[in-house]
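Observations on chain architecture
Next come the chains, spelled out residue by residue.
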Amino acid sequence: MSTIQIEGLRPLRGEIAVQGSKNAALPMMAAAILHKGVTVLEHVPRIRDVFCMIDILKTMGCRCEFEGHRLTIGAQTLSRIAIPRSYVTAMRSSIVLLGPFLSRCGEAATYYPGGCSIGSRPIDLHLYGLRKLGTEIEERGDDKIAARAERLKGCEIVFPYPSVGATENVLLAAVRAEGTTVIRGAAREPEIESLCRMLNGMGARIRGQGTGTITVEGVDALHDSEFRVPGDRIVAGTYLAAVMAAGGRAFLRGIEADQLAGVPELFAGMGARIRREEDGIGISMEGRPAAVSLETRPYPGFPTDLQSPMLSVLAVSSGSGQIRETVFEGRFAAAEELKKMGAQIEIDGRTAAVRGRYPLEGAEVDAPDLRGGAALAVAALAAAGETRIRECSHILRGYEDICRDLRLLGAGIRSNTSG
Ligand code: UD1
């Protein structure tokens, strides 16, 4: 699928099952390396980042079988410790493998992930935490990082910022370290909680997950386990945004509404009716959403991953609002594309000021990144005529099949592989 075509202005109506979470599944796959045995993950999304992680694990000597949404990882045969550069470029979050490799093999090698379209993405907090645990890290020329640790040792780690990836990396390294590790200033995202639940199911001893202080008592060995990846709260949030922009009603099955932090309340304040059920969340929306102003924040604040879809909702709102991006500095790439659809957006540094208008106009646009691409699909649902979104491969990194899902909700959407 390289192009998506959307015929806008059809209200949505329907029910879909939300795919498994990308940001939960990736560190869980990394966690499998910690155990010299078999780990089974259910409800794994069939997305590009997952396939990339499978390729990395296979390259490093693991056995991976991916049938439907069930992924079996056998890590008995881990045989390499250097992650090839091409994988680091393809998926920056591969940095989260450093901790597990160190724990399992005593050494690891990778590359600086470098910048990307949403910001510079440094890894200083990852390296700080791993060094505190006793890792010697050599930063060589050509962006290469070589890490070595005879034995990781529990310690106190204080993060000045609750980085999701750094918290995961250090957690994974600490699980089999000697003694107790206390992580202060830890990220509180639901994906960290899921990872800790999974690790505890493998025999780890972690407490405090979901709070800013996580304590890990090192254990000598883990055991075979099976775990279900939770529903993807960002995918669910994207589809809630779709209903906000296009109007209509939808039920999203397989998502814990609580994980969406304040997003359902925010949408309710903009005019939606929200129904929280045990097995999912329902939304109905009539008319244009009221404008709001907000800023992105680490969990439980408004997620940066929903900032671009939210830009699309504000673009069709009945007033003027602002979004301030505090997590990633360069994340307004979708704005330029939305403007081609008639959106009225002014970017000033980290702030986007949006004046709503309805409808937008169908146009030819390019998906700038994963969430920015999804935001264009949201906007296209509220645009007159046809929108063609090119460069859709970005969207496949995180959405299993956005066309299938939106079609199930009644959208006029189709994909074209030939471009
Ligand atoms: C994860 C998510 C991503 C989400 C982000 C924030 C995965 C695979 N990705 O990314 O979808 O947008 O959390 O919720 O789970 N930072 C540093 N030094 C570091 C690490 C991070 O300065 O060592 C900065 C980053 O540049 C950024 C901020 O901290 O400005 C947040 O980054 P972080 O929480 O680490 O995000 P990721 O783990 O990369």
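Just above, that's the structure.
Read on for a plain summary of the structure. Per-chain numbering applies: the sequence of each chain, read as written, is numbered from 1 onward. With pLDDT at 70 or above as the cut-off, local features in this predicted model cover only qualifying residues; side-chain atom pairs require 80 or more to be listed or tallied, and sums for whole chains, interfaces and linings still use all residues. Only hydrogens and water are removed before side-chain values are computed, so all heavy atoms of the structure are retained for them.

Quick notes on the site of the ligand
- Being near a molecule or strand, for a residue, comes down to having at least one heavy atom within 4 Å of it. The environment of the ligand is made up of 17 residues, and the closest members are Asp124, Leu125, Ser163, Asp305 and Val327.
- We call two N or O atoms a polar contact when they sit within 3.5 Å, provided that within protein one can donate a hydrogen and the other can accept it, with sequence-adjacent residues counted only if both atoms are side-chain atoms. For the ligand, an oxygen atom lies 3.3 Å from a polar atom in the backbone of Pro122.
- Between the ligand and the protein, one listed contact pairs an oxygen atom with a side-chain N or O atom of Ser163 at 2.6 Å.
- A run of H or I in DSSP becomes a helix once it reaches four residues, and a run of E becomes a strand once it reaches two; helices and strands are each numbered from the N terminus. Where the shell around the ligand is concerned, the elements lending two or more residues are helix H5 (124-132) and helix H6 (164-174).
- Tallying contributions element by element places H5 first for the shell around the ligand, with three residues.
- Amino acids are sorted into nonpolar (Ala, Val, Leu, Ile, Met, Phe, Trp, Tyr, Cys and Pro), charged (Asp, Glu, Lys and Arg) and polar (every other residue, Gly among them). For the shell around the ligand, the class distribution of residues is seven nonpolar, six polar and four charged.
- Each domain span listed reflects an automatic or database assignment of domains. Looking at the shell around the ligand, you find at least three residues from each of domain 1 (2-19 + 231-417) and domain 2 (22-228).

Some thoughts on the sheet that holds strand E11 (residues 205-207)
- A pair of strands is labelled paired if DSSP reports no fewer than 2 bridges between them. Strand order in the open sheet formed by four strands is E9-E10-E12-E11, and the pairing between neighbours is mixed. Whereas interior strands pair on both sides, the edge strands pair on one side only; in this sheet they are strand E9 (156-158) and E11. For this sheet, the mean inter-axis angle between neighbouring strands, taken without regard to orientation, is 15°.
- Here strand E10 (residues 180-184) runs beside strand E12 (residues 213-217); their pairing, made up of five bridges, is antiparallel. Its bridge partner being in E12, Thr181 is matched across the sheet by Val216. To obtain an axis, a line is fitted to C-alpha atoms, over the contacting stretch when the element is a helix, and the angle between two such axes runs from 0 to 180 degrees between their N-to-C directions.

Examining the pairing of strand E4 (residues 63-67)
- Taking every second residue as pointing to the same face, the buried face of E4 carries Cys64 and Phe66, while none of Arg63, Glu65 and Glu67 on the other face is buried.
- The pairing of E4 with strand E5 (residues 70-74) spans five bridges and is classified as antiparallel. Among the inter-strand pairings, Phe66 is bridged to a residue of E5, identified as Leu71. Three exposure classes are used, based on accessible area relative to the maximum for each residue type with a 1.4 Å probe and protein chains only: buried under 20%, partly exposed in between, and exposed over 50%.

Some words on the sheet that holds strand E25 (residues 412-416)
- Taken in spatial order, the four strands make up an open sheet running E22-E24-E1-E25, and their pairing is mixed. Because the sheet does not close on itself, it has two edges, and the strands there are strand E22 (364-366) and E25. Across the sheet, the axes of successive neighbouring strands diverge by a mean angle of 20°, strand direction being ignored.

Observations regarding the nonpolar core
- Here, nonpolar core refers to any group of buried Ala, Val, Leu, Ile, Met, Phe, Trp, Tyr and Cys residues whose side-chain atoms link them within 4.5 Å. In this structure, Met29 and Leu199 are the most contacted members of the largest nonpolar core, which totals 77 residues.
- Sorting elements by how many residues they give to this core places helix H1 (residues 22-31) first, with seven residues.
- Ranked by size, the runner-up nonpolar core spans 71 residues in total, among them Ile234, Ala246, Met310 and Ile413.

Coordinates in, geometry out; function isn't part of it.
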